[in-house]
Amino acid sequence: MIKKIAIITSGGDSQGMNAAIRSVVRTADYNNIECLGFYRGYQGLIENDSVELGLRVVNKILGDGGTFLKSARSSDFFEKEKREIAFNNLKSNVVDALVVIGGNGSITGGHIFSEDFNFPVIGIPASIDNDIWGTDNSIGFDTALNNIVDSLDKIRDTARSHNRLFFIEVMGRDCGNLALHAGIASGACYAIIPEKPFELVDLIKRLEEGKKLRKTSSIVVVSEGNTYGPAYKIAEDLTSVYDDYETKVTILGHIQRGGSPTAFD
């Protein structure tokens, strides 16, 4: 019988994590199950840094971005001795099961933890990169994608005002979903993603096709995890062999993670 569960948010934050916490707490309350939240993901489990979670605690967090339980990437959790400390902390708090809200690495950590100690773990996919196998859209992906498209629309205004080629670097360590979907949704001329090898000659060919259609500006979306290199390197290498456009680079960075979640998230 599971009478008490623990909740953590782990890895990179994503919009909608608070909504997921709220949902777990409310569902647990309906089923007469107690909830304990641990701060800063697996690191909080190791340090036994927790808070009781009831309906009042999660009352007004539904539309807030980020995670009020905070998040972290715990290098300590890679060591089995530290995972054992986390397990003992759960048992000392009379916790029967763990809910992990996080990305690919976080859910992998939960799987290893479950196998180590035969402990029930549920993973809720939450990652703006949308890189978790087995789920169509992880929590945060839709909001981050909309943030990117909104930024691209603004950048296009200045691109059109000049004869400029913009390289926009977006997040996606090993997965090009954000870059690919943002490129489609914003009408970018090219998307550079980890899943497909990139050659400058292919981009030049696309730019030349655009010029024939009298395009005076273009936008290229670059996934940070692509195999060629950072957006600045791509722009520099292109400029050395092709100078028909004035080239600019924008790295969107952590602005992609911010803001209130969309209705979907």
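The rules behind each value
- Residues numbered from 1 in each chain as written.
- Predicted model: local features only at pLDDT ≥ 70, side-chain atom pairs only at ≥ 80, totals over all residues.
- Heavy atoms only, no water.
- Helix = DSSP H or I, 4+ residues; strand = E, 2+ residues; numbered from the N terminus.
- Buried < 20%, exposed > 50% of the residue type's maximum accessible area, 1.4 Å probe, protein only.
- Contact = heavy atoms within 4.5 Å.
- Areas by Shrake-Rupley, 256 points an atom, 1.4 Å probe, with all protein chains shown as cover.
- 1 Å grid on protein atoms, 1.4 Å probe; cavity = no way out; pocket = protein on both sides within 12 Å on 5 of 7 lines; lining within 4 Å.
- Points joined across faces, edges and corners; volume = space filled by probe spheres on them.
- Core = buried A, V, L, I, M, F, W, Y, C linked by side-chain atoms within 4.5 Å.
- Salt bridge = Lys/Arg side-chain N within 4 Å of Asp/Glu carboxyl O.
- Expected span 1.5 Å × (residues − 1).
- Arc of directions from axis to C-beta.

Visitor: Tell me what's going on with the overall build of the protein chain, and back it up with residues and numbers.
Guide: Each helix and strand counted, the protein chain has 8 helices and 9 strands in total. Taking the principal axes of its C-alpha atoms as reference, the protein chain extends roughly 70 × 35 × 25 Å. Counting the 265 residues in the protein chain, one finds 49% classified as buried. Summarising the internal contacts of the protein chain: among those between residues at least 6 apart in sequence, 75% fall at separations of at least 24. About 13,300 Å² of surface is accessible on the protein chain, with carbon and sulfur atoms providing 50% of the total.

Visitor: Now, about the layout of surface pockets: what can you tell me, with residues and values included?
Guide: Within this model, the largest pocket holds a volume of roughly 600 Å³. Lining of the largest pocket is provided by 28 residues; of these, G11, R73, G105, S106 and R173 occupy positions nearest its centre. At 6 residues, the largest contribution of residues to the lining of the largest pocket is made by helix α4 (residues 104-117).

Visitor: With reference to specific residues and values, describe the environment of F264.
Guide: Relative to the elements of secondary structure, F264 occurs in the segment after β9 (246-251). Taking the relative accessible area as the measure of exposure, F264 reaches 56% and is therefore exposed. Separated by 124 residues in the primary sequence, F264 and G140 have C-alpha atoms spaced 8.9 Å apart. Not counting the four nearest positions on each side in its chain, F264 is found in contact with N137 and D142.

Visitor: An account of the nonpolar core is requested, with residue identities and associated values reported.
Guide: If you look at the biggest cluster of nonpolar residues, it comprises 21 residues, and the most contacted ones within it are I148, L152, I168, V170, L178, I219 and V221. Broken down by secondary-structure element, the contributors of at least two residues to this core are α5 (141-161), β6 (164-170), α6 (177-186) and β8 (218-223). In terms of residues, this core owes the most to one element, α5, which gives 8 residues. Apart from the residues lying within four places of it in its own chain, the contact partners of V221 are L152, I168, V170, A179, G183, A188, Y190, A191 and I192.

Visitor: Would you mind going over the pattern of salt bridges in detail, with residue names and values included?
Guide: According to the stated counting rule, one finds 13 salt bridges in the structure shown. Residue D174 pairs with R173 through a salt bridge whose shortest N-O separation is 3.6 Å. A salt bridge links E246 to K248; its shortest N-O distance comes to 3.5 Å. You can call E246 partly exposed: its relative accessible area is 37%. Owing to a relative accessible area of 32%, K248 belongs among the partly exposed residues under this scheme. Overlapping salt bridges, with partners in common, bring together R40, E47 and D49 in one network.

Visitor: So what about helix α3 (residues 80-92)? Which residues, and what values?
Guide: Look at α3: 18 Å from first C-alpha to last across 13 residues, which is about the 18 Å you get at 1.5 Å a residue. Here α3 has its buried residues at R83, A86, F87, N89 and L90. For α3, the angular spread of buried residues about the axis comes to 160°, placing them on one side. Structural note: α3 exposes E81 and S92 on the side pointing more than 90 degrees away from its buried face. Looking at the buried positions of α3, the neighbouring elements they touch are β1 (4-10), β2 (34-38), α2 (41-47) and α4. Positive phi appears at V94, one or two residues downstream of α3, with a value of about 55°.

What is shown is where atoms sit, not what they do.
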